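Residues per chain, in single letters:
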Amino acid sequence: MSEQLKFIVEYLNKDPFKKNFNLITFDSLEPMQLLQILNDVLAEIDPKQTIDIREEMPDQTAKRMFTLLGMLKYKPPGNVSDPSSFRQGLVTGSKPVIHPILHWLLQRITELKKRAYLARFLVKLEVPSEFLQDDVITDTYHQYEELVEGFKTYHKECEQLKSSGFSTAEIRKDIGAMEEEKDQLIKRVERLKKRVESVSNHQRMLELARQLRVEKEREESLAQQKQEQKNQLFQAEQRLQRSQQQLKDLRQAAADAKPESLMKRLEEEIKFNSYMVSDKLPKELESKRRMVQYLQKVVSEPAMGQAELGELEDKIRENNIEINLLIEKRMMRNDPMDDKLSLFRQQASIITRKKEAKAEELHEAREELAALDRELNQKNSQARDQDGDEVIRGDEFKRFVGKLRSKGTVFKKKRQEITELRAEYGVLQRTEEILKQRHEVGQQQLQSMEAQKGISGYSDTQEELERVSAIKSELDEMKGRSLDDMSEMVKKLNSTIVEKKSALAPIIKELRPLRQQCQELTQEYEEKKAQYDSCAAGLESNRSKLEQEVRALREEMAQEENRYHYINCMKEIIEMQMQRAAEEMKAYVSPDPQERRKTIREQYMKNIAEQESLGKKLREQQKSVRESHGPNMKQVKMWHDLEQLMECKRQCFLRAQSQASIGQVIQEGGEDRLVL
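The present account deals with the structure reproduced in this document. Since the structure is predicted, the reported quantities are computational estimates derived from the model, not experimental observations. (Residues numbered from 1 in each chain as written. Predicted model: local features only at pLDDT ≥ 70, side-chain atom pairs only at ≥ 80, totals over all residues. Heavy atoms only, no water.)

When you go through the protein chain residue by residue, the secondary structure sums to 18 helices and two strands. Every one of the 676 residues in the protein chain was classed for burial, and the buried ones make up 13%. Considering only contacts in the protein chain between residues 6 or more positions apart, those separated by 24 or more positions represent 58%. Within the structure as shown, the protein chain displays about 56500 Å² of accessible surface, and the carbon and sulfur contribution to it stands at 56%. (Helix = DSSP H or I, 4+ residues; strand = E, 2+ residues; numbered from the N terminus. Buried < 20%, exposed > 50% of the residue type's maximum accessible area, 1.4 Å probe, protein only. Contact = heavy atoms within 4.5 Å. Areas by Shrake-Rupley, 256 points an atom, 1.4 Å probe, with all protein chains shown as cover.)

Turning to its location among the elements, Arg64 is positioned in helix 4 (residues 58-71). Side chain to side chain, Arg64 and Asn39 meet in a polar contact 2.9 Å long. Residue contacts for Arg64: discarding those within four places in its chain leaves Asn39, Gln49, Ile51, Ile53 and Glu56. (Polar contact = N/O pair within 3.5 Å; in protein donor to acceptor, adjacent residues only side chain to side chain.)

Glancing now at a positive patch on the surface. Among the surface-exposed residues, Lys187, Arg188, Arg191 and Arg195 lie close enough to one another that they form a single positively charged patch. Within the secondary structure, Arg188 sits in helix 9 (residues 168-197). Since its relative accessible area comes to 48%, Arg188 is described here as partly exposed. (Patch = residues over 30% accessible without salt bridge, like charges linked within 9 Å, V, L, I, M, F, W, Y side chains within 5 Å. Salt bridge = Lys/Arg side-chain N within 4 Å of Asp/Glu carboxyl O. Lys, Arg positive; Asp, Glu negative; His and termini not counted. Charge placed at Lys NZ, Arg CZ, Asp CG, Glu CD.)

Attention shifts here to the nonpolar core. With 33 residues, the main nonpolar core has Leu12, Phe26, Leu38, Leu72, Ile101, Leu102 and Leu105 as its most contacted residues. Elements represented by at least two residues in this core include exactly helix 1 (2-12), helix 3 (31-45), helix 4, helix 5 (83-92), helix 6 (95-107) and helix 7 (109-122). Every residue in contact with Leu102, bar those within four places of it in the chain, is listed here: Ile8, Phe26, Ile37, Leu38 and Val41. (Core = buried A, V, L, I, M, F, W, Y, C linked by side-chain atoms within 4.5 Å.)

With that settled, consider the layout of surface pockets. In this structure, the second largest pocket spans a volume of roughly 1100 Å³. For the second largest pocket, the lining is made up of 30 residues, of which Arg120, Phe121, Lys529, Tyr532 and Asp533 are closest to its centre. At the level of secondary structure, the elements contributing two or more residues to the lining of the second largest pocket comprise helix 7, helix 8 (135-163) and helix 15 (460-589). When residues of the lining of the second largest pocket are assigned to their parent elements, the largest contribution, 15 residues, is made by helix 15. Each residue belonging to the lining of the second largest pocket can be placed in one class, and the counts come to 15 nonpolar, five polar and 10 charged. (1 Å grid on protein atoms, 1.4 Å probe; cavity = no way out; pocket = protein on both sides within 12 Å on 5 of 7 lines; lining within 4 Å. Points joined across faces, edges and corners; volume = space filled by probe spheres on them. Nonpolar A, V, L, I, M, F, W, Y, C, P; charged D, E, K, R; others polar.)

With that settled, the discussion passes to helix 4. Within an α-helix, residues lying three or four positions from one another point in the same direction, as the helix has 3.6 residues per turn. With 14 residues, helix 4 ought to run about 20 Å at 1.5 Å a step, and its terminal C-alpha atoms sit 20 Å apart, in line with that. Regarding helix 4, the residues found buried are Thr61, Ala62, Arg64, Met65, Leu68 and Leu69. Along the axis of helix 4, the buried residues cluster in a sector spanning 165°; they form a single face. Turned more than 90 degrees away from the buried face of helix 4 sit Asp59, Lys63 and Thr67, all of them exposed. (Expected span 1.5 Å × (residues − 1). Arc of directions from axis to C-beta.)

Here we come to the packing of helix 3 against helix 6. Where helix 3 meets helix 6, the closest approach of the two axes is 11 Å, and the angle between their N-to-C directions is 25°. The pairing of helix 3 with helix 6 is recorded here as roughly parallel in orientation. Handedness of the crossing formed by helix 3 with helix 6: left-handed. Two secondary-structure elements touch here, helix 3 through Leu34, Leu35, Ile37, Leu38, Val41, Leu42 and Ile45 and helix 6 through Lys95, Ile98, His99, Ile101, Leu102, Leu105 and Leu106. Tallied by class, residues from the contact of helix 3 with helix 6 come to 12 nonpolar, one polar and one charged. (Axes fitted to C-alpha atoms, helices over the stretch in contact; angles between N-to-C directions. Parallel < 35°, antiparallel > 145°, perpendicular 65-115°, else oblique. Left-handed = near helix turned anticlockwise from the far one by under 90°.)

Along its 15 residues, helix 3 runs 21 Å from first to last C-alpha, staying within 8% of the 21 Å computed at 1.5 Å per residue. By the burial criterion, the buried members of helix 3 are Leu34, Leu35, Ile37, Leu38, Asn39, Val41, Leu42, Ala43 and Ile45.

Moving on: the pattern of salt bridges. By the definition in use, this model includes 12 salt bridges. Among the salt bridges present, the one from Glu111 reaches Arg115, with a minimum N-O distance of 3.3 Å. Of this pair, Glu111 and Arg115 both sit in helix 7, four residues apart, which is roughly one turn of the helix. In this structure, the salt-bridge partner of Glu432 is Lys436, at a minimum N-O distance of 3.9 Å. Taken as a pair, Glu432 and Lys436 lie in helix 14 (residues 394-453) at a separation of four residues, close to a single helical turn. What makes Glu432 partly exposed here is its relative accessible area of 40%. Within this structure, Glu540, Arg543 and Glu547 form a network of salt bridges that share partners.

A word on the packing of helix 7 against helix 8. Taken N-terminus to C-terminus, the directions of helix 7 and helix 8 make an angle of 150°; their axes are 10 Å apart at the nearest point. Between helix 7 and helix 8, the interaxial angle falls into the category roughly antiparallel. Across the interface between the two elements, Lys114, Tyr117, Leu118, Phe121 and Leu122 of helix 7 pack against Val148, Phe151, Lys152, His155 and Glu159 of helix 8.

Any functional reading would require information that these geometric values do not contain.
Here's what the structure looks like:
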């Protein structure tokens, strides 16, 4: 604690505080003075906190300081963990609360200045949700958020420039070198002008040289435009080739395709797309959103120091240890062998992982197929540019069509085989039902045998597996039905989107000039805001100077007011004394004896006479007491002796009475004899 006080006193005695404290004077400060010192330190961190706490209510002071300390991420020590006690100590100016705050602030004052500066722009305003229903307020709030994001980027760039190592001396040196080069070029141009002036028709030659330079620049711009147009033409040709290839593929697919194969392929695509839309993409999107929210939260918070990072790492380490302990307890409490559903959970998780892996492989295969299509189109375009015709000739195309037809016949045979297999599958299903009935009878016999052998319940696991497989088949059927519903819903949504687009087209046309107007207004707003910020900064500096002058004048006024009241009180006291003296003189000079008796002098003289007579009587009594003191002391001693003698006689009498009841004591010849 003493080291803490030494650090606080040493830092407060330096610039910019210059308090001139020592340990004794600082420790003997009143709570109000201690709060004022804390407010001065906070004002050094955030200039908006510059205020005299005597002019502010204690609750408002505590609330203001509490808010700023929360923004600076101050954490009270362990002995003041209760917020209510911390707030109460802050209101009353308690030393156990104020001293740790001062020590924490003075240790990291430069870092806290930067954090307070960033908090002025990064702490977002809380707008109620009912106000955000208004379009104007919503647009303004979005502009405010965009400005906050812009401030973040500008601040990062500024910090990077500060840390990049550029110095003003180097920049000035570069500017000086550039100015020297500029002077040299000007001199060289002047020398060339002087040389050219001696040549005949130099004006016409200069004009021709200027036109030549302009034409060369124009030629370069035209060459650049030509290259851009070639690139655009190449891209348009590639798009045309892709479209032609897609049209060709669709025609080839529709030439020999049947409704059943098309429906099957469409169902597969719908299943894959529905899986991607309902399962895979939402999870990826949610993970990306969480990552973005986390990154936005990290960016919006002020920069943390090494000490705070260390505290966070310690907390993370403690939480990981607690999580591991809880997992171990759960594993000890729940034995996997006793949990019947653990096997099914594992199987479900394995199937889910396989499904996700296959979906990822299919997605990669589609991307690879698209890349190969693009490469094929590029090769076709190159071959057409070189040879002037397509790669596939007519004979090759016929052979290709023949192959497709042969494959079509093979496909028909395979489809017939599938129908036969389906019929056989129906027979097998009936056979399976019969076998299930027999299995139930065998299962009952097996249970009875298990009960006899003492291993009952062994076959329940197999039944549970069969039940789960049946549930899975039902879920697959439900998913197939839901896919059909989703396809219809997709069609409805597409039609609705087309209608909405057609309805929004005129609104979008009206919105374009409004956007241009918005950009102009935004530019004007930025200019006005820059003017406002510069004006506000000047007014703020003037206001702080005026506040300091007003504070000094108020202190001077309070001192003069105290002096005025003191002088008035002294004046009234002196007037009362002068009035009493005048009345005393009037009564003393008055010929009336009754009035004279009322004077203070007469009363004091009377009291003095009474006290003198009383002192005379007391002196006479003292003299008589001194004269009779010796005989009186002798008489007192004689009375004490008499009292002892009487006490002795009383004791002897009591003793004689007690001995008379036993016998008689006879004293003869110096001997004592007891006669019974």
